[in-house]
Amino acid sequence: MINLYAIAQRELAKDLLFEVDDEVVTFSVKGVMIAKTNSKGYNFSFVEITDNEFVLAVQMRGYVIYLGLESDEILDEDAYPELVRALINHLLPALHTLVKEAEKSYNGKADLLLDDNMSPEMKEFFYELLLKHKKGLPTHEQVDVA
């Protein structure tokens, strides 16, 4: 478990610079959570928490890694697809390293690996998600009839 914390600190706890709509925007990684999942597939989702806070969830090889990101700018929703693509491309090597280590030594259901200076809204999101994973509850709610 200590290795997972070390990887999160070394590889993910940093500021990331991206060009969005011809402006340089800084994204700070404020939170990282790992959780086991039954699916071995690859998937991702992007959730807006506040006007400048987001969570990128990347599912891979039986784990979901949640990254809490804070932007120094308020972004237009039209920029999200480009931003998510850039974030995934940049962060995927570090996420693979984290998952490789988890496959070797992680026995828990879900744990926070980083929670540096998260806003109250982001903390609430992460801690609710953490509890759902630990209790084996669904992590998302279906709002429309399928």
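Scoring rules and cut-offs
Residues numbered from 1 in each chain as written. Predicted model: local features only at pLDDT ≥ 70, side-chain atom pairs only at ≥ 80, totals over all residues. Heavy atoms only, no water. Salt bridge = Lys/Arg side-chain N within 4 Å of Asp/Glu carboxyl O. Helix = DSSP H or I, 4+ residues; strand = E, 2+ residues; numbered from the N terminus. Buried < 20%, exposed > 50% of the residue type's maximum accessible area, 1.4 Å probe, protein only. Pairing = 2+ DSSP bridges. Phe/Tyr/Trp six-rings, centres within 6.5 Å; stacked < 30°, edge-to-face > 60°. pLDDT = per-residue confidence, 0-100. Contact = heavy atoms within 4.5 Å.

### So, the pattern of salt bridges
Then step 1. Taken as a whole, this structure holds five salt bridges when the rule is applied.
Then step 2. With a shortest N-O distance of 3.9 Å, glutamate 70 and lysine 30 are connected by a salt bridge. Remark: lysine 30 occurs in strand 2 (residues 23-36) and glutamate 70 occurs in strand 5 (residues 63-71); sequence separation between them is 40 residues.
Then step 3. One salt bridge in this structure joins arginine 61 and glutamate 103, with 2.6 Å as the shortest N-O distance. Of the two residues, arginine 61 is situated in the loop between strand 4 (53-60) and strand 5 and glutamate 103 in helix 2 (residues 80-105); the sequence distance between them amounts to 42 residues.

### Structural notes on the pairing of strand 1 (residues 15-20)
Then step 1. Only one face of strand 1 is covered, namely the face carrying Leu16, Phe18 and Val20; the face carrying Asp15, Leu17 and Glu19 is uncovered.
Then step 2. Sheet topology note: the strand 1/strand 2 ladder contains six bridges and is antiparallel. By the bridge assignment for strand 2, leucine 17 is matched with threonine 26.
Then step 3. Between strand 1 and strand 2, which follow one another and run antiparallel, lie two residues, and aspartate 21 among them has a positive phi close to 50 degrees.

### Regarding the packing of aromatic side chains
Then step 1. Overall, the coordinates contain six aromatic pairs when judged by the stated rule.
Then step 2. Judged by centre distance (6.5 Å) and plane angle (55 degrees), the rings of tyrosine 63 and tyrosine 106 are tilted. Of the two residues, tyrosine 63 sits in strand 5 while tyrosine 106 sits in the loop between helix 2 and strand 6 (110-115), which places them 43 residues apart along the sequence. Like tyrosine 106, tyrosine 63 is buried.
Then step 3. Through a chain of ring-to-ring contacts, three or more aromatic side chains come together here, namely Phe46, Phe54 and Tyr80.

### Some words on the confidence of the model for the protein
Then step 1. With 95% of its residues at a pLDDT of 70 or more, the protein shows a mean pLDDT of 90.
Then step 2. Mean pLDDT per element in the protein: strand 1 is the minimum at 88, and strand 5 is the maximum at 96.

### Description of unusual backbone geometry
Then step 1. Unlike most non-glycine residues, arginine 61 shows phi in positive territory, near 50 degrees.
Then step 2. A positive phi angle, near 50 degrees, is found at asparagine 117, a position not held by glycine.
Then step 3. Tracing the backbone shows asparagine 117 in the loop between strand 6 and helix 3 (120-135).
Then step 4. We classify asparagine 117 as exposed; its relative accessible area is 67%.

### Let's talk about the side chain of histidine 133
Then step 1. Inspection of the secondary structure puts histidine 133 in helix 3.
Then step 2. The class for histidine 133 is buried, based on a relative accessible area of 12%.
Then step 3. Apart from residues no more than four positions distant in its own chain, histidine 133 is found in contact with Met33, Ala35, Lys36, Tyr66, Lys109, Ala110 and Thr139.

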